[in-house]
Amino acid sequence: MRDTCVPSGVRLKDTGFGYTLSIVGGKYKMIIMYWLSENKVMRFNELKRSIGSITFKTLSIMLKEMEADGIIIREEFPQVPPKVEYSLSERGLTLMPLLSMMCEWGEQNMAPKG
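Residues numbered from 1 in each chain as written. Predicted model: local features only at pLDDT ≥ 70, side-chain atom pairs only at ≥ 80, totals over all residues. Heavy atoms only, no water.

Moving on, we get to the nonpolar core. Counting 23 residues, the largest nonpolar core has I32, M33, L36, L47, I71 and I72 as the members making the most contacts within it. Mapped onto this core, the elements with two or more residues apiece are α1 (16-24), α2 (29-39), α3 (44-51), α4 (56-68), β3 (83-88) and α6 (96-109). Sequence-distant contacts of M33, defined by excluding residues within four places in its chain, comprise V24, M66, I71, L88, L95, M96 and L99. (Core = buried A, V, L, I, M, F, W, Y, C linked by side-chain atoms within 4.5 Å. Buried < 20%, exposed > 50% of the residue type's maximum accessible area, 1.4 Å probe, protein only. Helix = DSSP H or I, 4+ residues; strand = E, 2+ residues; numbered from the N terminus. Contact = heavy atoms within 4.5 Å.)

Put into structure tokens, the structure is as follows:
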């Protein structure tokens, strides 16, 4: 077993750790994954309302990046008005244990309120 996932002399982006950060990094990607894991399928405006602080443009960019990375599935229905639904892909679902571990760590290490 190696001591670190970022060996010395290797650029971060060339490691598995760097790759994972490129997929889930950013202010909203993990939040989007959380909501999709909770609700299975969501439309754009549902995601926007659930997240609250995200702009339409930022949400659109994040969803496009996540679709390109194979983390989410975008399903468009041919109707008027257009209907688009988002869900986690099989690949995206494999990231859920990582989110769960982060939640558990946060619960165990959160500073007491008061």
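In space, the 3 strands of this open sheet follow the order β1-β3-β2, with antiparallel pairing throughout. Edge strands, defined here as strands with exactly one partner in the open sheet, are β1 (41-43) and β2 (72-77). Between one strand axis and the next, the sheet turns through 30° on average, direction left out of account. The sheet contact formed by β2 and β3 spans 6 bridges and is antiparallel. (Pairing = 2+ DSSP bridges. Axes fitted to C-alpha atoms, helices over the stretch in contact; angles between N-to-C directions.)

Turning our attention to the pattern of salt bridges. Any two side chains of opposite charge can pair, so long as their charged atoms come close to each other. By the definition in use, this model includes 4 salt bridges. Residue R74 pairs with E76 through a salt bridge whose shortest N-O separation is 2.9 Å. Owing to a relative accessible area of 36%, R74 belongs among the partly exposed residues under this scheme. Residue E76 is classed as partly exposed on the basis of its relative accessible area, which comes to 49%. K83 is the partner of E85 in a salt bridge, and the nearest nitrogen-oxygen pair spans 3.5 Å. The buried category is assigned to E85, whose relative accessible area is 19%. (Salt bridge = Lys/Arg side-chain N within 4 Å of Asp/Glu carboxyl O.)

Among the residues of α2, K29, M30, I32, M33, L36 and S37 are the ones counted as buried. All buried residues of α2 project into a common sector of 155° when viewed along the axis, lining one side. K40 sits one or two residues past α2 and shows a positive phi near 70°. (Arc of directions from axis to C-beta.)

Purely spatial values, then, with no claim about function.
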